[in-house]
Amino acid sequence: CLRSGDVAARFGGEEFVLIFPHTVTELVIRILQRISTSFCTACMDELRPTFSAGVTEFSNKNIAKISVD
């Protein structure tokens, strides 16, 4: 369900991080809905999976103001 420039990585346990470079939030939401449908359909016979996602947008416009301690 991901495009060639997107990144998927396991974050820990059952958590994953998906990165969608140069993509507007509305499109990310549609992609996540497609992933959720595919995931639940693929597992339907064996399990009753759940899928939840949070979306945040990062812009490099304000990167100079970010501090990492």
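What counts as what
Every chain is numbered on its own, with residues counted from 1 as its sequence reads. Confidence filtering applies because this is a predicted model: local features only for residues at pLDDT of at least 70, side-chain atom pairs given and counted only at 80 or more, and all residues used for totals across whole chains, interfaces and linings. As a convention, hydrogens and water are excluded, and side-chain values are obtained from all of the structure's heavy atoms. Helix and strand labels come from DSSP, where a helix needs a run of H or I of at least four residues and a strand needs a run of E of at least two; each type is numbered from the N terminus. Under the scheme applied here, a residue whose accessible area is under 20% of the maximum for its type counts as buried, over 50% as exposed, and between as partly exposed, the area being computed with a 1.4 Å probe on protein chains only. We call two residues in contact whenever any of their non-hydrogen atoms come within 4.5 Å of each other. The method behind every accessible area is Shrake-Rupley, applied with a 1.4 Å probe, and residues are considered shielded solely by the protein chains displayed. Here a polar contact is taken to be a pair of N or O atoms separated by no more than 3.5 Å, where protein atoms must pair a possible hydrogen donor with a possible acceptor and residues adjacent in sequence count only if both atoms sit in side chains. By definition, pLDDT measures how confident the predictor is in each residue, and it falls between 0 and 100. Helix span, expected: 1.5 Å multiplied by one less than the number of residues in the helix. This arc is built from the directions going out from the helix axis to the C-beta atoms.

### Some details on the overall build of the chain
Here is step 1: A tally of regular secondary structure across the chain gives one helix and two strands.
Here is step 2: Along the chain, helices (α) and strands (β) appear in the sequence β-β-α when read from the amino end.
Here is step 3: In the chain, buried positions account for 12% of the 69 residues.
Here is step 4: Within the chain, contacts between residues at least 6 apart in sequence are counted, and of these 24% link residues at least 24 apart.
Here is step 5: Carbon and sulfur atoms make up 55% of the accessible area of the chain, which amounts to about 6,300 Å² in all.

### As for unusual backbone geometry
Here is step 1: Of note in this structure, H22 is not a glycine but carries a positive phi near 55 degrees.
Here is step 2: Following the sequence through the fold, H22 ends up in the loop between β2 (15–19) and α1 (25–43).
Here is step 3: For H22, a relative accessible area of 86% corresponds to the exposed category.

### Looking at the side chain of T23
Here is step 1: Structurally, T23 is set in the loop between β2 and α1.
Here is step 2: A distance of 3.3 Å separates the side chain of T23 from the backbone oxygen of F20, its partner in a polar contact.
Here is step 3: A distance of 2.9 Å separates a polar atom in the side chain of T23 from the backbone oxygen of P21.
Here is step 4: Every residue in contact with T23, bar those within four places of it in the chain, is listed here: R3 and V28.

### Quick word on the confidence of the model for the chain
Here is step 1: Of the residues in the chain, 88% have a pLDDT of 70 or more, and the chain-wide mean is 83.
Here is step 2: Averaged pLDDT values over the elements of the chain bottom out at 87 in α1 and peak at 91 in strand β1 (residues 7–12).

### Thoughts on α1
Here is step 1: For α1, built from 19 residues, the straight-helix expectation of 27 Å at 1.5 Å per residue is met to within 8% by its first-to-last C-alpha distance of 27 Å.
Here is step 2: For α1, the set of buried residues is V28, I31, L32, I35 and C43. The buried residues of α1 all sit within an arc of 100 degrees when viewed along its axis, so they share a single face. Facing away from the buried side of α1 by more than 90 degrees, the exposed set consists of E26, R30 and T37.
Here is step 3: Taken together, the buried residues of α1 touch β2.

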